[in-house]
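Structure at a glance
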Amino acid sequence: MKSAVIVFPGSNCDRDAAMAIEKVTGTAPAMVWHQETELPDGTDFVMLPGGFSYGDYLRCGAMAGVSHIIPAVKAHAEAGKPVLGVCNGFQILIETGLLPGALMRNASLHFVCEKSPLRVENANTQFTSGYATNREIVIPIAHHDGNYFADDATLDRLEGEGQVLFRYQNNPNGSARDIAGIANERGNVMGMMPHPERAIDLDHGGSDGLALFESLLGSA
Amino acid sequence: MTQFAEGITQEIADTHLPRDEYEKAVEILGRAPNLVELGIFSVMWSEHCSYKSSRVHLKKFPVTGEKVIQGPGENAGVVDIGDGQACIFKMESHNHPSYIEPYQGAATGVGGILRDVFTMGARPIALMNALRFGAPDHPKTRQLVSGVVAGIGGYGNCVGVPTVGGETNFHAGYNGNILVNAMAVGLADADKIFYARGAEPGQPIVYVGSKTGRDGIHGATMASAEFDDESDEKRPTVQVGDPFVEKKLIEACLELMATDAIAAVQDMGAAGLTSSSVEMAGKGQVGLLMDLDKVPQREDRMTAYEMMLSESQERMLFILKPGKEQIAYDIFNKWELDVATIGETTDSGRMVLTHNGETVCDIPLDPLAEDAPMYERPWARAIPEPAVMADELSQPKDYEEAILTLMVSPDLSSKRWIWRQYDRHVMADTAASSEDPADAAIVRVHGTNKGIAITTDCTPRYCENHPIEGGKQAVAEAWRNLTAVGADPIAITDCMNFGNPEKDHIMGQFAECVEGMSEACKVLDFPVVSGNVSLYNETNGFAIPPTPAVGGVGLIPDLSKRMGFGNVSAGDIVMVVGDTEGHLGASIYLRVMENREDGCPPPVDLVVEKRNGDFVREQIRSGAIKACHDLSDGGLAAAASEMAMASGTGLNLVHEGDLPLHGWLFGEDQARYLLAVDEAKAKALRAAARAAGVPLHVIGIAGGEALTINGMIDVSIADLKAVNESFMPTLMGEAD
């Protein structure tokens, strides 16, 4: 399994993402600078890490969503290969149109950082097969703009097609229907606000995020 | 007859320098200074940059030790943490700007302290902050809390360095001058530390980072003056930060530092281009020739004066080895940051600046730095207040109410509202932060099983009533907090926040706090490696309480043996290390229940402190202890409440003996720890304590869902949590 982590100016969870991938696959991912226009040959999995790409200027993820590497990420997704966006990565995936909806400012208007209890809504995807449906897990969140919004028709469709993968147990940001993470229709692109890469080690932040990487990278 | 250069009047001179310092500048130059030179003298000789009032006292601090690689004098302190690694840290104040413009003031405080740490080659791994606000009911408090917290979070979260801990106090003494002290901790290889020293003649001076604008001009001078009712008009002197640029700057600088291109480096902090260039030149004993036309500028028609005094953020100055400029250009261009060679070092010993083809400044460097004014200001010793012991005070009518009142009081209440806004987990190495029941924050040394423990401490009400004991206590409490998580305390940084040093009693507070701190540092082998002084924290003649904030750092050799206070289960034996005499002078109890702030604080016996602490640490390492919490603000009642809340298990305490119950519960006697111990290990622990000559008192047993005392007083954990969590949301108008 060959992985790539995209690094934008302002990304700050790129190292954490790389550590998690290396822990599960035994191989360090390629760190791909945003000005590249191609992914390394044979890339199987692409991760868009958290952070503040381009300083969140204009709108979270807006500028990263049109940066040089994005066409290659889109092509990768369109070929049916897995793409995961966490936090700012989720915001970027929405800006690129690979995922539906919008992420608005948290309802409290505050940045929120806490260990967030989630429920796994659908364990039948390549991102979540390491969990059981309805399992409760705890994953840290840390964001200012994670308030998921979509119109009712889109929300109904997401629910109906099993595209809602994680739901907050204690909605920290006002997200519609407590949505914490979603996949695209085809199931190969996933975005989530919580940080599974910060929960891969029992000693530091818990280990409930590990199963996500194991599901995807197949070493469980 | 005072001489003036063309265009300079007595009035202009007066706004820059006191008259005796002006004469000194004339003497150094051999002529009257022009406006640019006047500006440079003014900032370099400001209290903020020159430490002119404090230097004579700061010399008393012990600054060396087995683990000290770099003490005070560089951008930050450096200590050895073994395995070829070093920990680099410093705390700094951003008080004046944060009061005037709380969001940007606090944000740029974080940015500045981060630069101090990565300037030395360290990757920042943790941020802490020590905040003091005015009375909760003061009309400005809510706005200031809101702005400062958002500013700290806005900067730290974006830069991607976890904000792992800190402390927040409220007191009317800070109504007109809040304190925002930020601390940064970084990691580097011990043989790859970068210094301001090291420049040689003939080396290029390379400017990197943001462009220079007109913001923050004379910030260092503002920070060296008292406030009055017109202080809000000083808003233009507050800098504006951009954490996105800082994040890029960190990565670009660390990339450059991985090459061998650098001779010396200094961030542009207070007094910007002036102090960064002068400090590097002074430490390398070289001269400077800089062409200000080459400085990247944000605005048109900036004058030399403005460029030299601007405190625009996110800028660094490198002196490179000759011929290595292209390496820097490539890296900074990649990160889309400005980079420009603006001059070179010379052997002239002078700072020569040109602008628009003319020489606008020519100052001999040595006298500018070395002959800066130093004052031995007159100072007066504080008059000691008598101790306040429990038997002099009537007992509270209702102990349950007293405990709940304590736990909802501003200083003891939960600060969740604050730390929930800080990213505490980014970098994925946080082992304990504000949310965790531990007396210090703990951050794993990346890729190892070692941990850095970090704490910030100071009890200003003790310093107010007895500066020497208060100074000792600030250091001792930091040492104790590190001990309580199982760390070996290594060294401290300090942030000395005081009022106007031109007043005898304020200078006395400073001198005596330093005296107490120095003594504690010596006995506890806990040297000072970096620090900052913030004076003139006064408004309309009212000074803040003396607040020598201490940032302590320690090492946990094996993270699996770190300690907290949340791991208590039913049946555990509850014990207290150390003796309790019931000192209530300057205590939280006295303030909250008796509405009194007088009295001598609890005395600090440093020998006992060390003996008790060394015992506790040894027992933590040997696995004898399940939970450990230092006893400080609010005494046993507060510590036991916190332990019960954190573990969800009640504590059932029994008091025996002659000491009145309120002295036992609320006394703030020092050198004490509250322990929970597995019943099976209790006997051996008591024997070990006897052998070590350490007082260890069994005071109860864990179980149930309440804190109970003598079977009579019964406060449920649910009630404790409800009140403890209610203060901040209520203050901020966000209570449910």
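1. Some remarks on the overall build of chain A
Secondary structure summary: chain A contains five helices and eleven strands in total. In terms of overall dimensions, chain A is globule-like: its C-alpha atoms have a radius of gyration of 15 Å, near the 17 Å expected for 220 residues. Dimensions of chain A along its principal axes, counting C-alpha atoms only, are 40 × 40 × 30 Å. Looking at chain A residue by residue over its 220 residues, the buried ones come to 57%.

2. Quick look at the overall build of chain B
When helices and strands are counted, chain B shows 26 helices and 28 strands. Against the compact-globule benchmark of 27 Å for 736 residues, chain B has a radius of gyration of 26 Å, which places it among compact chains. If one aligns the C-alpha atoms of chain B with their principal axes, the spans along those axes are about 85 × 55 × 50 Å. Taken across its 736 residues, chain B has 62% of its residues classed as buried. In chain B, of all internal contacts separated by at least 6 residues, the share reaching a separation of at least 24 is 85%.

3. Observations regarding the sheet that holds strand 1 (residues 68–70) of chain B
Residues and elements named next belong to chain B. Strand order in this open sheet of six strands is 1-2-3-6-4-5, and the pairing throughout is mixed. Of all strands in the sheet, those bounded by a partner on one side alone are strand 1 and strand 5 (163–170). The mean angle between the axes of side-by-side strands here comes to 20°, regardless of whether they run parallel or antiparallel. Summarising the sheet, strand 4 (residues 123–133) and strand 6 (residues 179–189) pair through nine bridges and their orientation is antiparallel. Pairing of Pro 124 across the sheet is with Gly 186, part of strand 6. Along the sheet, helix 7 (residues 102–118) makes contact with strand 3 (85–93), strand 4 and strand 6, crossing strand 6 at roughly 25°.

4. Quick look at the sheet that holds strand 22 (residues 573–577) of chain B
Residue and element names in this part refer to chain B. Spatial ordering of the open sheet is given by 23-25-22-26-24-27-28, a layout of seven strands whose pairing is mixed. Each having just a single partner strand, strand 23 (627–630) and strand 28 (713–716) make up the two edges of the open sheet. On average, adjacent strands in this sheet sit at an angle of 20° to one another, irrespective of strand direction. Sheet analysis places strand 24 (residues 651–653) next to strand 26 (residues 696–702), joined by three bridges and oriented antiparallel. Across the sheet, the residue bridging to Asn 652 is Ile 701, located in strand 26. Sitting on the sheet, helix 25 (residues 717–724) touches strand 27 (706–709) and strand 28, and the angle it makes with strand 28 is about 60°.

5. A closer look at unusual backbone geometry
Residues and elements named next belong to chain B. The phi angle at Asp 83 is positive, at roughly 55°, despite the residue not being glycine. On the secondary structure map, Asp 83 appears in the loop between strand 2 (77–80) and strand 3. Even without glycine at this site, Arg 301 takes up a positive phi of about 55°. Following the sequence through the fold, Arg 301 ends up in the loop between strand 9 (287–291) and helix 12 (304–309).

6. Describing the pairing of strand 23 of chain B
All names here are of chain B. Because side chains alternate across strand 23, one face comprises the buried residues Ala 627 and His 629, and the other comprises Cys 628 and Asp 630, equally buried. Examined bridge by bridge, strand 23 and strand 25 (residues 673–677) share four bridges and lie antiparallel to one another. When the sheet's bridge partners are listed, Asp 630 is paired in strand 25 with Tyr 673.

7. Considering helix 10 (residues 243–257) of chain B
Since one α-helical turn is 3.6 residues long, residues separated by three or four positions face the same way. An ideal rise of 1.5 Å per residue puts 21 Å on 15 residues; helix 10 of chain B measures up with 20 Å between its terminal C-alpha atoms. Among the 15 residues that make up helix 10 of chain B, 13 are buried, leaving the element largely enclosed by the rest of the structure.

8. A closer look at the environment of Thr 37 of chain A
Residues and elements named next belong to chain A. With respect to the helices, strands and loops of the structure, Thr 37 is situated in the loop between strand 2 (30–33) and strand 3 (45–48). On the neighbour-count criterion, Thr 37 (10 C-beta atoms within 10 Å) is exposed. Measuring from C-alpha to C-alpha, the distance between Thr 37 and Val 73 comes to 9.2 Å, with 36 residues separating the pair along the chain. Setting aside anything within four residues of it in sequence, one finds Thr 37 in contact with His 68, Ile 69 and Ala 72.

9. Examining the packing of helix 3 (residues 35–44) of chain B against helix 11 (residues 272–284) of chain B
Residues and elements named next belong to chain B. Remark: helix 3 packs on helix 11, axes separated minimally by 10 Å, with the N-to-C direction vectors making an angle of 75°. On the basis of their axis angle, the class for helix 3 and helix 11 is roughly perpendicular. Contact residues: Ile 40, Val 43 and Met 44 in helix 3; Thr 274, Ser 275 and Val 278 in helix 11. Its residues assigned to classes, the contact of helix 3 with helix 11 shows four nonpolar, two polar and no charged.

10. A few points about the nonpolar core
Residue and element names in this part refer to chain B. Ranked by internal contacts, the top residues of the largest apolar core, which has 308 residues, are Val 475 and Val 485. Among the elements that make up this core, the one with the highest residue count is helix 19 (residues 504–523) (nine residues). Excluding residues within four positions of it along the chain, Val 475 makes contact with Ile 492, Met 517, Ala 520, Cys 521, Leu 524, Phe 526 and Val 550.

11. Here we look at the interface of chain B and chain A
Contact with chain B, which involves 24 residues of that partner, is made by 22 residues of chain A. Elements represented by at least two residues in the side of chain B that touches chain A include exactly helix 8 (141–159), helix 10 and strand 14 (430–432) of chain B. For the side of chain B that touches chain A, the class distribution of residues is nine nonpolar, six polar and nine charged.

12. Looking at the environment of Val 24 of chain A
Here Val 24 of chain A shows up in helix 1 (residues 14–25). Val 24 of chain A sits 52 residues away from His 76 of chain A along the chain, and the two C-alpha atoms are 22 Å apart.

13. What about the packing of helix 8 of chain B against helix 10 of chain B?
All names here are of chain B. Interaxial distance between helix 8 and helix 10 falls to 8 Å at its minimum, and their mutual angle equals 35°. Both helix 8 and helix 10 take part in a crossing whose hand is right-handed. Across from Gly 154, Tyr 155, Cys 158 and Val 159 in helix 8, the residues of helix 10 making contact are Pro 243, Phe 244, Glu 246 and Lys 247. Its residues placed into classes, the contact of helix 8 with helix 10 shows five nonpolar, one polar and two charged.

Cut-offs applied
- Along every chain, residues carry numbers that run from 1 in the direction the sequence is written.
- Chain letters and ligand numbers both follow the written order, the letters beginning at A and the numbers at 1.
- Where local features are concerned, this predicted model is filtered to residues with pLDDT of at least 70; where side-chain atom pairs are given and counted, the filter is 80 or more; whole-chain, interface and lining totals use all residues.
- Helix and strand definitions here come from DSSP, where helices need a minimum of 4 consecutive H or I residues and strands a minimum of 2 consecutive E residues; each element is numbered from the N-terminal end.
- What the globule rule says is 2.2 Å times the number of residues to the power 0.38, and the radius of gyration is computed from C-alpha atoms.
- Three exposure classes are used, all based on how many other C-beta atoms lie within 10 Å of a residue's own C-beta (placed from the backbone): buried at 20 or more, exposed at 12 or fewer, and partly exposed between those limits.
- Here contacts are defined at the residue level, using C-beta atoms placed from the backbone and a cut-off of 7 Å between them.
- Two strands pair under a simple rule: DSSP has to find at least two bridges between them.
- Interaxial angle, 0 to 180 degrees, is taken between N-to-C directions of lines fitted to C-alpha atoms, where a helix line uses only the stretch in contact.
- Residue count minus one, scaled by 1.5 Å, sets the expected span of a helix.
- Oblique is the label for any angle not under 35 degrees, not over 145, and not in the 65 to 115 range, which are roughly parallel, roughly antiparallel and roughly perpendicular in turn.
- Three residue categories are used. Nonpolar comprises Ala, Val, Leu, Ile, Met, Phe, Trp, Tyr, Cys and Pro, charged comprises Asp, Glu, Lys and Arg, and polar comprises the others, including Gly.
- A set of buried Ala, Val, Leu, Ile, Met, Phe, Trp, Tyr and Cys residues, joined to one another through C-beta atoms within 7 Å, is what we call a nonpolar core.
- Whether a crossing is left-handed or right-handed is set by the direction in which the near helix is turned from the far one by less than a right angle, anticlockwise for left-handed and clockwise for right-handed.

Read these as spatial facts, not as claims about activity.
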